[in-house]
Protein chains: 2
Amino acid sequence: MSVSAPRRAPVQTRERLMNAAFEEVYHNGFQGSDLKAILARAGVTKGALYHHFDGKEALGHAVIEHVIARITQDKWLAPLDDVDDPIDALLGILDDTGTSDAEVNGGCPLNNLAQEMSPLDEGFRRRLSEIFTNWIGGVSDALRLGQINEKVRNDIDARDTATYLVATYEGYISLAKTAQDSRVLISGMKQLRLYLESLRA
Amino acid sequence: MSVSAPRRAPVQTRERLMNAAFEEVYHNGFQGSDLKAILARAGVTKGALYHHFDGKEALGHAVIEHVIARITQDKWLAPLDDVDDPIDALLGILDDTGTSDAEVNGGCPLNNLAQEMSPLDEGFRRRLSEIFTNWIGGVSDALRLGQINEKVRNDIDARDTATYLVATYEGYISLAKTAQDSRVLISGMKQLRLYLESLRA
DNA sequence: AATATCATACATACTGGTTGGTATGTCAGT
DNA sequence: ACTGACATACCAACCAGTATGTATGATATT
């Protein structure tokens, strides 16, 4: 195995490209993102990009599959995995939701891209929809386990409730982004906490 | 006063341009909208556009102020204006929410544009944010009047509740758009109806 | 009433810069 | 020597914006 990093590190180059693309897309949208800006941010040239990816669209797909999917995994799915009390876990996740100006003004990377690209490109839409499905599925599974553990009310439908949570969560993030006002988001998270408490068995 | 429409109808031309721009922006986003497509749809040429508007950006601003603002007014504010029981009125509005494929896949014009343009252009953001503020304000006022009329519970905060309703409503529309599945939206409206019923005095 | 005047309301042709994509070159490592 | 991993130079298309031309219709003038 190689110890020192090779001068030419294809894996790292790919990652740098995807991370740079993620940042640019997060701030400008996919259509608004300039390849040159992505390359400059990644510190590579066009040759590297087109060596690793088929083009801008393929890079966008890779960003969804690798960067955005991981964010959802880390923030939501991992903390909910096989947990005893999902209400507590969900409350913790809400507490971790950033309310800095940068995050409030930027919105949710997943939803941003979904709203922009879903109607335009089926490849984007399918990948983004899959992340939403996994997200809601993870919340749903956790709630069901909580019902078995008698931590969550049994008279609610886990999937409907999970969908409701995700929809409201994303809705507040969107509102706060447009208003550019963290108070909207903070108030929303408070409302969601109240809702979560109402789900306890 | 002139009876027959004049060959050159500036007011109508402006409206045609704004409506065409609205449709194109609704389907492709603002950045993704081609001026040529807008002009073709409006049936006018570039000369007309730049005679009536300063450019693409100004046309976008006009679309928000005239087309999108009117949609919100007609769908939400008018039915809620000075109504006796806001819960009934809100339920009626939810029933009017379209669940056709075109509407589900297209999402909410207001939120679509807000998510795309808010971080990019302060002129867009301010105008869009104002519509959201009016929207939430209208729901809020109706709820407060309902509290006075003893149709709405007094232990809720009208503004927080209105914001919650709008956030959840928009969140479901966004989810359904990405999933391209009207069942998501139908299920969401059902959840919102349950929530509304829980607000009755 | 007929005509001249003139600003409005467009249409057409053109341009300059941007942008995604390509073709080619080169160097590192095996 | 040869393939993978880039860098550089170039290109063609697109697209917002502009410059210019022209016709319409209202108003002023005689």
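Presented here is an overview of the structure given in this document. (Residues numbered from 1 in each chain as written. Chains lettered and ligands numbered in written order. Predicted model: local features only at pLDDT ≥ 70, side-chain atom pairs only at ≥ 80, totals over all residues. Heavy atoms only, no water.)

1. Here we look at the pattern of salt bridges
Right, on to step 1. As enumerated under the stated definition, the model contains 24 salt bridges over all chains in all.
Right, on to step 2. For Asp84 of chain A, the salt bridge identified is with Lys151 of chain A, shortest N-O distance 3.0 Å. Note that Asp84 of chain A is positioned in the loop between helix 4 (56-80) and helix 5 (86-96) and Lys151 of chain A in the loop between helix 8 (122-148) and helix 9 (158-179), a separation of 67 residues in sequence.
Right, on to step 3. Residue Asp84 of chain A is classed as partly exposed on the basis of its relative accessible area, which comes to 40%.
Right, on to step 4. Here Arg153 of chain B ties to Asp155 of chain B by a salt bridge, and the two come within 2.9 Å at their closest N and O atoms.
Right, on to step 5. The exposure class assigned to Asp155 of chain B is exposed, which follows from its relative accessible area of 61%.
Right, on to step 6. Residues joined in a network through salt bridges with shared partners are Asp85, Asp88, Glu197 and Arg200 of chain A. (Salt bridge = Lys/Arg side-chain N within 4 Å of Asp/Glu carboxyl O. Helix = DSSP H or I, 4+ residues; strand = E, 2+ residues; numbered from the N terminus. Buried < 20%, exposed > 50% of the residue type's maximum accessible area, 1.4 Å probe, protein only.)

2. A word on empty space enclosed by the protein
Right, on to step 1. Tallied over the entire structure, the rule returns 7 cavities of 30 Å³ or more.
Right, on to step 2. Taken together, the elements giving at least two residues each to the lining of the largest cavity come down to helix 1 (10-28), helix 4 and helix 7 (109-117) of chain A together with helix 7 (109-117) of chain B.
Right, on to step 3. Per element, the largest residue contribution to the lining of the largest cavity is 5 residues, and it comes from helix 1 of chain A.
Right, on to step 4. By residue class, the composition of the lining of the largest cavity is 9 nonpolar, 7 polar and 3 charged.
Right, on to step 5. Taken as a whole, the second largest cavity spans an internal volume of roughly 140 Å³.
Right, on to step 6. If you list the elements that add at least two residues to the lining of the second largest cavity, you get helix 7 of chain A together with helix 1 (10-28) and helix 7 of chain B.
Right, on to step 7. Partitioned by chemical class, the residues of the lining of the second largest cavity number 5 nonpolar, 8 polar and 3 charged. (1 Å grid on protein atoms, 1.4 Å probe; cavity = no way out; pocket = protein on both sides within 12 Å on 5 of 7 lines; lining within 4 Å. Points joined across faces, edges and corners; volume = space filled by probe spheres on them. Nonpolar A, V, L, I, M, F, W, Y, C, P; charged D, E, K, R; others polar.)

3. A look at the nonpolar core
Right, on to step 1. Counting 126 residues, the largest nonpolar core has Leu90, Leu113 and Val139 of chain A together with Leu90, Leu113 and Val139 of chain B as its most contacted members.
Right, on to step 2. Residues within four places of Leu90 of chain A in sequence aside, it is in contact with Trp76, Leu80, Val139, Leu143, Leu165 and Leu196 of chain A. (Core = buried A, V, L, I, M, F, W, Y, C linked by side-chain atoms within 4.5 Å. Contact = heavy atoms within 4.5 Å.)

4. Quick notes on the layout of surface pockets
Right, on to step 1. Estimated volume of the largest pocket: approximately 650 Å³.
Right, on to step 2. In terms of lining, the largest pocket is formed by 22 residues, of which the most central are Tyr195 and Ser198 of chain A together with Tyr164, Tyr195 and Ser198 of chain B.
Right, on to step 3. For the lining of the largest pocket, the elements supplying multiple residues, two or more each, are helix 9 and helix 10 (182-197) of chain A together with helix 9 (158-179) and helix 10 (182-197) of chain B.
Right, on to step 4. By residue number, the principal contributor to the lining of the largest pocket is helix 10 of chain B, which donates 4 residues.

5. Here we look at the environment of Leu35 of chain B
Residues and elements named next belong to chain B.
Right, on to step 1. Summarising the element assignment, Leu35 is placed in helix 2 (residues 35-42).
Right, on to step 2. For Leu35, a relative accessible area of 13% puts it in the buried group.
Right, on to step 3. C-alpha separation for the pair Leu35 and Lys56, spaced 21 residues apart in sequence, amounts to 7.3 Å.
Right, on to step 4. Residues in contact with Leu35, not counting those within four places in the same chain, are Leu49, Tyr50 and Lys56.

6. Thoughts on the relation of the copies chain A and chain B
Right, on to step 1. Superposition record for chain A on chain B: RMSD 0.0 Å, screw rotation 180 degrees, translation along axis 0.0 Å. Here the symmetry operator amounts to a two-fold rotation axis. (Least-squares fit on C-alpha atoms with pLDDT ≥ 70 in both.)

7. Description of the interface of chain A and chain B
Right, on to step 1. Every contact between the two is made by 35 residues of chain A and, on the other side, 35 residues of chain B.
Right, on to step 2. With both sides pooled, the region where chain A packs onto chain B buries about 3,000 Å², and carbon together with sulfur makes up 55% of that total.
Right, on to step 3. Of all residues in chain A, the largest losses of buried area upon contact with chain B belong to Gln115, Tyr164 and Thr178 of chain A, amounting jointly to 23% of the total for that side.
Right, on to step 4. Here chain A and chain B share 0 salt bridges between them.
Right, on to step 5. One can count 14 residue pairs in polar contact (both at pLDDT 80 or more) joining chain A with chain B.
Right, on to step 6. Mapped by element, the contributors of at least two residues to the side of chain A that touches chain B are helix 1, helix 7, helix 8, helix 9 and helix 10 of chain A.
Right, on to step 7. Top contributing element to the side of chain A that touches chain B by residue count: helix 9 of chain A, with 13 residues. (Buried area = accessible area lost by both parts, 1.4 Å probe. Polar contact = N/O pair within 3.5 Å; in protein donor to acceptor, adjacent residues only side chain to side chain.)

8. Some words on the protein's contact with DNA strand C
Right, on to step 1. In the neighbourhood of DNA strand C, 20 residues make up the surrounding shell, with Asp34, Lys46 and Tyr50 of chain A together with Arg8 and Thr45 of chain B lying closest.
Right, on to step 2. At 3.1 Å, a backbone N or O of Ser33 of chain A approaches a phosphate oxygen of DNA strand C.
Right, on to step 3. Asp34 of chain A places a side-chain nitrogen or oxygen 2.8 Å from a phosphate oxygen of DNA strand C.
Right, on to step 4. Listing elements by their share of the surface near DNA strand C, those giving two or more residues are helix 3 (46-52) of chain A together with helix 1 and helix 3 (46-52) of chain B.
Right, on to step 5. Here the element with the most residues in the surface near DNA strand C is helix 3 of chain B; it accounts for 5 residues. (Near = heavy atom within 4 Å.)

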